[in-house]
Amino acid sequence: MDHAATAPISEKALGEMVRCYREGFGNPSAIHSVGQTAKNELEKARGRIAKALGAHSSEIFFTSGGTESDNWVLEGIARKKQRGHIVTTAIEHNAVLRMAQQLEERGFSVTCLRPDRLGFVTPEQLEAAIRPDTILVSVMTANNVVGTLQDIPALAAIARARRIPFHTDAVQAVGHVALNVRRLGVDYLSLSAHKFRGPKGVGALFCRMPNTLPPLILGGGQERTKRSGTENVPGIVGMAAALEECVGGGLEAAVPYLTDLRDRLIRGLTGIPGVLLTGAPSERLPGLASFAVEGIGHSSFLVNALNEAGVCVSSGSACSAASKEASHVLEAMGLDARLARCALRFSLDTENTREEVDRVLALMPGVIEAQRRKGSAF
Ligand code: PLP
């Protein structure tokens, strides 16, 4: 139940990758037939990904994943503009936040919008934060710790009305909720294959006006000079297959199924005294349920106890799972630091069953109680 950290690869994606490793292994920049076969695979995959997002092929650039796509937008705009003000939120993934902090150290000014208790930032907040020298707005589509879904069309419209580029980190949303870049109204959108059953180390950036973003990785001039390095063609083909699987009918079945499982988990766990739902009650990722548990000291105790019982969950984001610090997301949402250190995130996939959810519901009261008793013994 930790699919937001990463998901198992889809059989279809794996099958296409194996085929591509065998038949399309060439270097797509080579002009001979082996290279051109790989080039064909690459461009077909670009078209499939563009179609799934409602974009044009010319707007899709392949990267090594969500982190690179996020870094690229912030650093790229900063290099182009040289100075100015960036608006983002206090609950972004570190791929955005750390970059924003570094830019601040280099003389840019940064405003981090504070979300409300449920994790939302509002169009009014964004409107008030924008300045004449604002060069970029970056707001994530779905939060990776609590799953809250922002109203991206409303936020992007505000930036667009002022001709300010708008980026969204949609790493947790792509493949999980219906998304269309035109309806969102964004200029840049980051995605990562391993979050929707594609392979790891592959992602993409949707870029509405490619000329607005300088390249960060220089070399052989691949990706129309925007991102050098020999393309990971089998990985990209796997990403296209996985995304197509999610979007082409998969979502229609998955969303109600996961919403039902998620809400069953939420109803059951919030029935335990001292277990609080974090994030929005309904405007959240279909498979993501997140909680704070009073009186247990640190979530790693619960994560370990559940692991011993054969259940994999996370304390928040996978990359900070080993940290003793409270989640910056929960603190920004106004949870006190003590409670923010006791967060649990369940992220479900269609392979999870109602029986598994019921097993967790049966386990949790005992696991929490045992931990609380241990805690009070100290
Ligand atoms: N953005 C968000 C919201 C994420 O959840 C993650 C990964 O957990 C990333 C960015 C980084 O993506 P990647 O692992 O592909 O670098």
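Structure: above.
As the structure is a prediction and not an experimental result, all values here were calculated from the model. Along each chain, residue indices are assigned from 1 in the same order as the chain's sequence is written. Residues qualify for local features only when their pLDDT is at least 70, as the model is predicted, and side-chain atom pairs are given and counted only at 80 or more; totals for whole chains, interfaces and linings, by contrast, use all residues. Hydrogens and water molecules were not included; the side-chain quantities draw on all heavy atoms of the structure.

Here the focus is the overall build of the protein chain. The numbering of helices and of strands both runs from the N terminus, where a helix is a DSSP run of H or I of at least 4 residues and a strand a run of E of at least 2. The secondary structure content of the protein chain amounts to twelve helices and ten strands. C-alpha atoms define the radius of gyration in this analysis, and the globule rule sets the expected value at 2.2 Å times the number of residues to the power 0.38. For 378 residues, the compact-globule formula gives about 21 Å, and the C-alpha radius of gyration of the protein chain, at 21 Å, lands near that figure. When the backbone C-alpha atoms are referred to their principal axes, the protein chain occupies close to 70 × 50 × 35 Å. Within the protein chain, the fraction of its 378 residues that count as buried is 54%. We call two residues in contact whenever any of their non-hydrogen atoms come within 4.5 Å of each other. Within the protein chain, contacts between residues at least 6 apart in sequence are counted, and of these 73% link residues at least 24 apart. Under the convention used here, a 1.4 Å probe and the Shrake-Rupley method define accessible areas, while residue burial counts only the protein chains that appear. Summing over all exposed atoms, the protein chain offers an accessible surface of approximately 15,800 Å²; the carbon and sulfur share of this is 54%. His residues and chain termini do not enter the charge count, which takes Lys and Arg as positive and Asp and Glu as negative. Charged groups are reduced to one reference atom each: NZ for lysine, CZ for arginine, CG for aspartic acid, CD for glutamic acid. The positive charge centre, built from 42 side chains, and the negative charge centre, built from 39, are 3 Å apart in the protein chain. Exposure is judged per residue with a 1.4 Å probe applied to protein chains only, and the accessible area is read against the type maximum: over 50% gives exposed, under 20% gives buried, and values in between give partly exposed.

One non-glycine residue with positive phi stands out, namely Glu-223, at about 50°. Residue placement: Glu-223 occurs in the loop between β7 (203-207) and α8 (233-270). In this structure, Arg-224 takes a positive phi of about 50° despite not being glycine.

How two helices sit against one another is set out by the angle between their axes and by the gap between those axes. To define axes, lines are fitted to C-alpha atoms, for helices over the stretch in contact only, and angles between the resulting N-to-C directions are given on a 0 to 180 degree scale. Following both chains from N to C, one finds helix α1 (residues 11-23) and helix α2 (residues 33-53) inclined at 155°, their axes separated by 10 Å at the closest point. Accordingly, the angle class assigned to the pair α1 and α2 is roughly antiparallel. Pair α1 / α2 crosses with left-handed handedness. In contact with Lys-12, Glu-16, Arg-19, Cys-20 and Glu-23 of α1, α2 contributes Thr-37, Glu-41 and Arg-48. Residue classes in the contact of α1 with α2 are distributed as one nonpolar, one polar and six charged. Roughly parallel covers angles under 35 degrees, roughly antiparallel covers those over 145, roughly perpendicular covers 65 to 115, and oblique covers all other angles. For any helix crossing, the convention is left-handed if the near helix is rotated counterclockwise from the far helix by under a right angle, and right-handed if that rotation is clockwise. Under the scheme applied, nonpolar residues are Ala, Val, Leu, Ile, Met, Phe, Trp, Tyr, Cys and Pro; charged residues are Asp, Glu, Lys and Arg; polar residues are all the others, including Gly.

Looking now at the pattern of salt bridges. Each salt bridge in this description consists of a side-chain nitrogen of Lys or Arg and a carboxyl oxygen of Asp or Glu lying within 4 Å of one another. Under the defined criterion, the tally for this structure stands at 26 salt bridges. Note that Glu-16 is salt-bridged to Arg-19, the shortest N-O span being 3.7 Å. Taken together, the residues span about one helical turn, with Glu-16 and Arg-19 both in helix α1 at a distance of three residues. Classification of Glu-16 by relative accessible area gives buried; the value is 14%. Look at Arg-19 and you get partly exposed, because its relative accessible area is 28%.

So, about the site of the ligand. For each residue, the test is whether any non-hydrogen atom lies within 4 Å of the molecule or strand; if one does, the residue is near. Neighbouring the ligand are 13 residues; Gly-66, Thr-67, Asp-169, Ser-192 and Lys-195 lie closest to it. A 3.5 Å cut-off defines polar contacts: any pair of N or O atoms within that distance qualifies, except that in protein one atom must be a possible hydrogen donor and the other a possible acceptor, and neighbouring residues in sequence count only when both atoms are side-chain atoms. One of the backbone N or O atoms of Gly-66 is found 2.8 Å from an oxygen atom in the ligand. The separation between a nitrogen atom of the ligand and a polar side-chain atom of Asp-169 is 2.6 Å. Alone, the ligand offers 400 Å² of accessible surface; in the complex the protein occludes 88% of this. The element best represented in the shell around the ligand is helix α3 (residues 66-81), accounting for three residues.

Now for the pairing of strand β1 (residues 60-63). The alternating pattern of β1 places Ile-60 and Phe-62 and Phe-61 and Thr-63 on opposite faces, both of which are buried. Pairing between strands is defined by DSSP: at least two bridges between the two strands are required. Note: β1 against β7, four bridges, orientation antiparallel. In the sheet register, Phe-62 faces β7, and the bridge partner there is Ala-204.

Glancing now at the sheet that holds strand β8 (residues 275-277). In space, the three strands of this open sheet follow the order β8-β9-β10, with antiparallel pairing throughout. In this open sheet, the two strands that pair with only one neighbour each are β8 and β10 (343-347). Strand-to-strand twist of the sheet, defined as the mean angle between neighbouring strand axes without regard to direction, takes the value 30°. Where strand β9 (residues 288-293) meets β10, five bridges bridge the pair, whose relative direction is antiparallel.

All right, on to the nonpolar core then. The definition of a nonpolar core used throughout is a set of buried Ala, Val, Leu, Ile, Met, Phe, Trp, Tyr and Cys residues joined through side-chain atoms within 4.5 Å. Core analysis: the largest hydrophobic core is formed by 54 residues, its most contacted members being Ile-60, Leu-126, Phe-166, Val-174, Leu-189, Phe-196 and Met-239. For this core, the leading source of residues is α8, giving nine residues. Apart from the residues within four sequence positions on either side, Ile-60 is in contact with Arg-46, Ile-49, Ala-50, Leu-53, Ala-55, Ala-204, Leu-205, Phe-206, Glu-223 and Arg-224. Within the second largest apolar cluster, 28 residues are counted, among which are Ala-289, Phe-346, Val-360 and Val-367.

To continue, consider the sheet that holds β1. Strand pairing in a sheet takes place through backbone hydrogen bonds and is either antiparallel or parallel in direction. Strand order in the open sheet made by the seven strands is β1-β7-β6-β5-β4-β2-β3, with mixed pairing throughout. Each of the sheet's edge strands pairs with one partner strand only, and the pair in question is β1 and β3 (109-113). Strand after strand, the sheet turns through a mean of 20° between neighbouring axes, direction not considered. Two strands pair when backbone bridges link them, and strand β5 (residues 166-169) and strand β6 (residues 188-192) are joined in this way by three bridges, in the parallel orientation.

Our next topic: the environment of Cys-246. Among the structural elements, Cys-246 can be located in helix α8. Under the relative-accessibility criterion, Cys-246 is labelled buried at 15%. Sequence separation between Cys-246 and Phe-196 is 50 residues; the distance between their C-alpha atoms is 7.5 Å. Sequence-distant contacts of Cys-246, defined by excluding residues within four places in its chain, comprise Gly-175, Phe-196 and Leu-251.

The next point concerns the side chain of Gln-371. With respect to the helices and strands, the residue Gln-371 is situated in helix α12 (residues 354-377). For Gln-371, a relative accessible area of 8% translates into the label buried. Not counting the four nearest positions on each side in its chain, Gln-371 is found in contact with Ile-296, Phe-301 and Leu-302.

Any functional reading would require information beyond the geometric quantities listed.
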